[in-house]
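Here are the chains, one letter per residue:
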Amino acid sequence: LPITIPNEGLADTLRNECLLYGTGVSIFFAGTMRTPGYETEMKTKPKISVEIEGDEGYDVEGCAKKLLSGVASGQAHIAYDMNTHFFRATTRGSAPNHNNILMEIVYILIGLFGIPVWRWEVDGKVRAHAAEHTEYLKSKGIIES
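Residues numbered from 1 in each chain as written. Predicted model: local features only at pLDDT ≥ 70, side-chain atom pairs only at ≥ 80, totals over all residues. Heavy atoms only, no water.

### Overview of the pattern of salt bridges
Filter applied, for reference: Should a side-chain nitrogen of Lys or Arg be within 4 Å of a carboxyl oxygen of Asp or Glu, the pair is scored as a salt bridge.
According to the stated counting rule, one finds eight salt bridges in the structure shown. Because the salt bridges share partners, they merge into one network encompassing Glu41, Lys45 and Glu53.

### Overview of the side chain of Lys45
The condition is simple: Here a strand is any run of E in DSSP of at least two residues, a helix any run of H or I of at least four, and the numbering for each starts at the N terminus. Two N or O atoms count as a polar contact when they lie within 3.5 Å, although within protein this holds only if one can serve as hydrogen donor and the other as acceptor, and sequence-adjacent residues are included solely when both atoms are side-chain atoms. Contacts between residues were defined by any pair of non-hydrogen atoms, one from each residue, lying within 4.5 Å.
Inspection of the secondary structure puts Lys45 in the loop between helix H2 (38–44) and helix H3 (47–53). Of the polar contacts made by the side chain of Lys45, one reaches the side chain of Glu53; its length is 2.6 Å. Look past the residues within four positions of Lys45 in its chain and what remains in contact with it is Thr32, Val50 and Glu53.

### Regarding helix H5 (residues 82–90)
Applicable threshold: Only protein chains enter the accessibility calculation, which uses a 1.4 Å probe; a residue whose area is less than 20% of its type maximum is buried, one above 50% is exposed, and one in between is partly exposed.
Along H5, the residues that are buried comprise Thr84, His85, Phe86, Phe87, Arg88 and Ala89. On its buried face, H5 sits against strand E1 (27–29), strand E2 (77–79) and helix H6 (101–128).

### Observations concerning the environment of Asp55
Along the chain, Asp55 falls in the loop between H3 and helix H4 (60–72). Distance from Asp55 to Thr32, taken between C-alpha atoms, is 8.3 Å for residues 23 residues apart in sequence. Beyond its immediate chain neighbours, meaning those up to four positions away, Asp55 contacts Tyr38, Met42 and Val50.

### What to know about the packing of H5 against H6
Quick note on the threshold: Here an axis means a line fitted to C-alpha atoms, over the contact stretch when the element is a helix, while the angle between two N-to-C directions is reported on a 0 to 180 degree scale. Throughout, the term roughly parallel applies to angles under 35 degrees, roughly antiparallel to angles over 145, roughly perpendicular to angles from 65 to 115, and oblique to all others. Under the scheme applied, nonpolar residues are Ala, Val, Leu, Ile, Met, Phe, Trp, Tyr, Cys and Pro; charged residues are Asp, Glu, Lys and Arg; polar residues are all the others, including Gly.
The N-to-C vectors of H5 and H6 enclose an angle of 95 degrees; their axes lie 8 Å apart at closest approach. In terms of their interaxial angle, H5 and H6 are classed as roughly perpendicular. Judged by residue contacts, Met82, His85, Phe86, Phe87, Arg88, Ala89 and Thr90 of H5 engage Glu104, Tyr107, Ile108, Ile110, Gly111, Leu112, Ile115 and Trp118 from H6. Tallied by class, residues from the contact of H5 with H6 come to 10 nonpolar, three polar and two charged.

Encoded structure:
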């Protein structure tokens, strides 16, 4: 779920640059979507990624509606689900706020306390996966015993 900061920074920079031309720029944080390539992705995605992200995926049509709704309302950062709102709100940087200010404060407060707990849990899962990952790298000849 962590928002990719480089993409967010690019969107914020483009939004600012495009103000000269009256063009809006938004970024959509959707998570895993059930696209035509979803089944293939799930076959090749590392097990630890599936464990962290889950394997449900989001409905493409629902994501499209949420995206279009956010663009139509002028949102710079558009989130699909509650968890993504927490990350979006706490990493918003200089992007304008187009959401309900009370909900934004709630998202920020929950994110400030919840994300460190989430991060601690995910870091533990990744550390626990290290031995399996090392064996995978050995099996592919990427590293030696």
